[in-house]
Amino acid sequence: MRGTKGRSLAAAIGGLVILAVVLGHAGFGLSQEPRRGGTLKVGLEIEVSNLDPATSAQGAAINMIQHVYNSLFRADANLNPVPDLVERWEAPNETTYLFVLRRGVKFHNGREMTADDVKYSFERIMDKKTGSPYAHYFDNVSKIEVPDKYTVRLSLKSPDASLLSNLTMPVTGIVPKEEVAKRGDLKTYMVGTGPFKFVSWVPNKELVLARNPEYFEKNLPYLDEIRFVPITDETARTAALRTGAVDFIDLAPAKDVPILKREAEIVITDGANVNYIAMPLNLKRKPFDNVKVRQAVAYAISREAIVAAAFDGLARPLYGGPLVPPYWAGSATRRYSYDVNTAKKLLAEAGYPNGFRSTLKIPAGYALYSNTAQAVQGELRRANITLDIVAEEVGIWIANVWEKDLFDAYIIRFWGIDYIDPDGAVHRQFHSKGAFNKAGYSNAKLDELIERANRVLNREERRKRYDEIQTIVSEEAPYIFLVAADRSEAYRSHVKGYVHLPNGSQYAFRQTWLSR
Amino acid sequence: MLARYIFAKLQGLALILVGISIFVFLLIHLVPGDVISIMLYQQASAEKIQEIRALFGLDQPLHVQYLQWLSRALRGDLGRSIVTGRPVLTDIVERFPVTLELSLLAALFALVLAIPFGIVSAARPGSVADAIGNVITVIGLGLPNFWLATILVLVFSVKLALVPPIGYVSPFVDPVQNLRLMVLPALSLSTYMTATVMRMTRSALVEILGQDFVRTASAKGLSEMVVLLKHAFRNALIAVLTMSGIEVAKLLGGSLIIEQIFALPGMGRYAVEAIFARDYPIVQGTVLVVALTFVLINLTVDLLYAAVDPRVRY
């Protein structure tokens, strides 16, 4: 009896050991510790253009900025603001914020970052002479004070619910005054507090970042170096990943996702991305001045067909407002469905029983816009709506549509570089004085709702306001909301620790490591 | 006298460059769309865009802006890109050699293929070689070079893994790798020039071979090779040279699409992207350099005429 028990025990232990070894080798992570070192080669969708946080307006550059600079806050995986350079904060009342900064955070030039740097960086954005398009983030700020070396006090004119989200944006990154004074601007040289230091940049060739050994987050980053190469041609970018010429591409072209999925050595991330693609209509022109016509258009387009035809299946339909779950301010409510009969009925009621003809203007040379436009055109034909697609060269399109309001309809995309706070998705687009309200939509009740929603600090309360806003906006349809496009990254399987974020950023590089 | 000829040509060059720069300046400014609104239309309000334009001096009258550019250009300062802030001259100095190498390699591939085939086609019409030459010509004229480039990448880089698909390394840093990376793009770029030079070689040679002096040379007992190469082809060389010069000059303007596909940091992409962005200093600077190149190539071809044709005297 004794012998049998001992033998069973030995067998059990032996089995467990074998199991552990097998599982460990199978990569179940039982024994995977992040490995320090190595160079990550990244293929970029587009060459970065301006690396200065205060003035850069390009998504790729802003993603680059967040590796080298820190802001007071950062956006977590659910796009909520969490402290980054701030150690703790409090709001003694609705119009005052006290930010206590981390101590011992060093700029890459060796100097410690203090509250004066925060005040300087913010005032630099607010200064007209800087020409920053982000000055409006601070429209509500009446005073920035530095009560002590590590504390910043912001005084606001009125409550601002989007303030903390705005302070997560890399463009509000903290910069050292002396470097700006030395160089005039930070467009071509980067000095921040971030996990990676700027090494060199040869435009259209390579931008190199190296580990900041004094980064304030312990043990991070793992990588020695990141090399960014712009590969604008989609096929070339995919080829570079497949051959291993690069380890990571920041945008996996939708058409290549099936090919990449078939390769065992390549990982494709989830595509969840906070964005919306819509067709703004010119409410100052017939027939779009009539809400029934606009609603008819909304009924006549099968969003699923758009997803299939223009996005290779990699997008989510928008039948209501622009913000949908899992985004916290999103609503699953659908105001419209695909219903050509209702569309025709509404057109008849509006006085267009035989449909109508109009134009759809897009900037030439962008597959996103031309594919979407063609798909929309195809859909609307079934309701006897003929949209002639007019493709104009980018600069001319901007001058016509954006400056002179010379359009009937166009296609636009707003995404995570433009907003992670719901105010950014609706305020400038639908408020009657909104800078991007080219549709010409004017609704005093909506204006008030939008302003109020940005003063409500309680998140649940705020979400209800945005539900109301979305209800009005989808009902009145100044924009026809089409889809929210997916955006995936792809990388080779030896790249570990990467996490996809829904604002299109590669913030996770600071925790990425290479298994070989 | 040769020196006087060259000098006169160079004087004309200065006038040409100023004229072109004024013309381009007007064009790029009068076309709708401006650099700041293109950069910031989705980030900034119209008022903010106007403020930023003023910061760059873009609200000043056109002639004031041009004269500011000209006075700096004459001192060798081509200004800074409005979009990136980088000095334009630095960018051009980095990019132009890439385009130069790419163009010269493409021209080399083209000539190495085109001239022998052109000669054989002219000398042996209807032969297999002539047929091959015809096929090459048709392909070269008709095949889009970006399509060929994509196919070459898929076959040689992805499937066969013989050469990397993208990238550029300076020949001074690693000549072997540089050539490996340039082979596919240069091949893709060479197709059109191969076709045109082959056609020109053949038709020029055919015309010459029909002339009396060729019959005389044959009658004298000279071998066909000598007649063909030493006598006939040399006379065709003027036409071939002219064609080649034009094609090389075109290549030196830079090929946007090939540079994009192979991620080459050349002048083509630089200039075209700047035009779309209305990045005025880059447009002015690159046009200046390309115009200069054109004129210098013309001058070189003119001088080569003198080397090739003893009847040409300056």
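What counts and what doesn't
Residues numbered from 1 in each chain as written. Chains lettered and ligands numbered in written order. Predicted model: local features only at pLDDT ≥ 70, side-chain atom pairs only at ≥ 80, totals over all residues. Heavy atoms only, no water. Contact = heavy atoms within 4.5 Å. Buried area = accessible area lost by both parts, 1.4 Å probe. Salt bridge = Lys/Arg side-chain N within 4 Å of Asp/Glu carboxyl O. Polar contact = N/O pair within 3.5 Å; in protein donor to acceptor, adjacent residues only side chain to side chain. Helix = DSSP H or I, 4+ residues; strand = E, 2+ residues; numbered from the N terminus. Nonpolar A, V, L, I, M, F, W, Y, C, P; charged D, E, K, R; others polar. Phe/Tyr/Trp six-rings, centres within 6.5 Å; stacked < 30°, edge-to-face > 60°. Buried < 20%, exposed > 50% of the residue type's maximum accessible area, 1.4 Å probe, protein only. Lys NZ or Arg CZ within 6 Å of the ring centre and 35° of its normal. pLDDT = per-residue confidence, 0-100. Pairing = 2+ DSSP bridges. Axes fitted to C-alpha atoms, helices over the stretch in contact; angles between N-to-C directions.

Colleague: What am I meant to see in the interface of chain A and chain B here?
Modeller: Much of the literature gives interface size as the accessible area that the parts lose upon coming together. Taken together, the contact between chain A and chain B spans 48 residues of the former and 43 residues of the latter. Buried surface at the junction of chain A and chain B, summed over both partners, amounts to about 3600 Å²; 61% is from carbon and sulfur atoms. Counting the surface chain A buries against chain B, the share from its top three residues, Lys187, Asn204 and Ile398 of chain A, is 14%. Inspection of the chain A/chain B interface yields 3 salt bridges. A salt bridge links glutamate 403 of chain A to arginine 53 of chain B, with the nearest nitrogen and oxygen atoms 3.3 Å apart. Remark: the boundary between chain A and chain B carries 7 residue pairs in polar contact (both at pLDDT 80 or more). Put simply, the parts of the chain that give the side of chain A that touches chain B at least two residues each are strand S8 (196-202), strand S10 (225-230), helix H6 (234-243), helix H12 (394-403) and strand S17 (412-415) of chain A. No other element matches the 8 residues that H12 of chain A contributes to the side of chain A that touches chain B. Tallied by class, residues from the side of chain A that touches chain B come to 24 nonpolar, 13 polar and 11 charged.

Colleague: Explain the packing of aromatic side chains here, please?
Modeller: Aromatic ring pairs are defined here through the distance separating the ring centres and the angle between the ring planes. Tallied over the entire structure, the rule returns 34 aromatic pairs over all chains. Measuring from centroid to centroid gives 6.1 Å for phenylalanine 73 of chain A and tryptophan 89 of chain A, while their planes differ by 80°, and the two rings are edge-to-face. Note that phenylalanine 73 of chain A is positioned in strand S2 (residues 73-75) and tryptophan 89 of chain A in strand S4 (residues 86-93), a separation of 16 residues in sequence. With relative accessibility at 37%, the residue tryptophan 89 of chain A sits in the partly exposed group. Both rings, one in tyrosine 66 of chain B and one in tryptophan 69 of chain B, keep their centres 5.9 Å apart while their planes meet at 35°; by these two values the pair is tilted. With tyrosine 66 of chain B and tryptophan 69 of chain B both in helix H4 (residues 62-74) and 3 residues apart, this pair spans about one turn of that helix. Here the two residues tyrosine 66 of chain B and tryptophan 69 of chain B agree in accessibility, since each one is buried. The structure contains a cluster of three or more aromatic residues connected by ring pairs, namely Tyr276, Trp397, Trp402, Phe407, Tyr410, Phe414, Phe430, Phe436, Tyr479 and Phe481 of chain A together with Tyr41 of chain B. Directly above the ring of tryptophan 415 of chain A sits arginine 413 of chain A, whose terminal nitrogen or CZ lies 4.9 Å from the centroid. When the ring centre of tyrosine 507 of chain A is taken as origin, the NZ or CZ atom of arginine 510 of chain A, which lies over that ring, is 3.6 Å away.

Colleague: Would you take a moment to explain the confidence of the model for chain A for this structure?
Modeller: Detailed reading of the predicted coordinates is not advisable wherever pLDDT is low. When pLDDT is averaged along chain A, the result is 92; 94% of the residues meet or exceed 70. Contacts for the low-pLDDT stretch residues 26-30 of chain A, under 50 throughout, to residues beyond four places or in other chains number 3 contacts.

Colleague: Where do I start with the pairing of S4 of chain A in this structure?
Modeller: The side chains of a regular strand alternate between both faces of the sheet. Residues and elements named next belong to chain A. Here S4 runs beside strand S5 (residues 96-101); their pairing, made up of 5 bridges, is antiparallel. Across the sheet, residue arginine 88 finds its bridge partner in S5, namely valine 100. Here S4 hands over to S5 after 2 residues, the two strands then running antiparallel side by side.

Colleague: Teacher, can you tell me more about the sheet that holds S4 of chain A here?
Modeller: Residues and elements named next belong to chain A. What the 4 strands build is an open sheet, ordered S4-S5-S7-S6; its pairing is antiparallel. Because the sheet does not close on itself, it has two edges, and the strands there are S4 and strand S6 (141-148). The mean angle between the axes of side-by-side strands here comes to 20°, regardless of whether they run parallel or antiparallel. Packing against the sheet, helix H3 (residues 115-126) makes contact with S5, S6 and strand S7 (151-156), and its axis sits at approximately 165° to S6.

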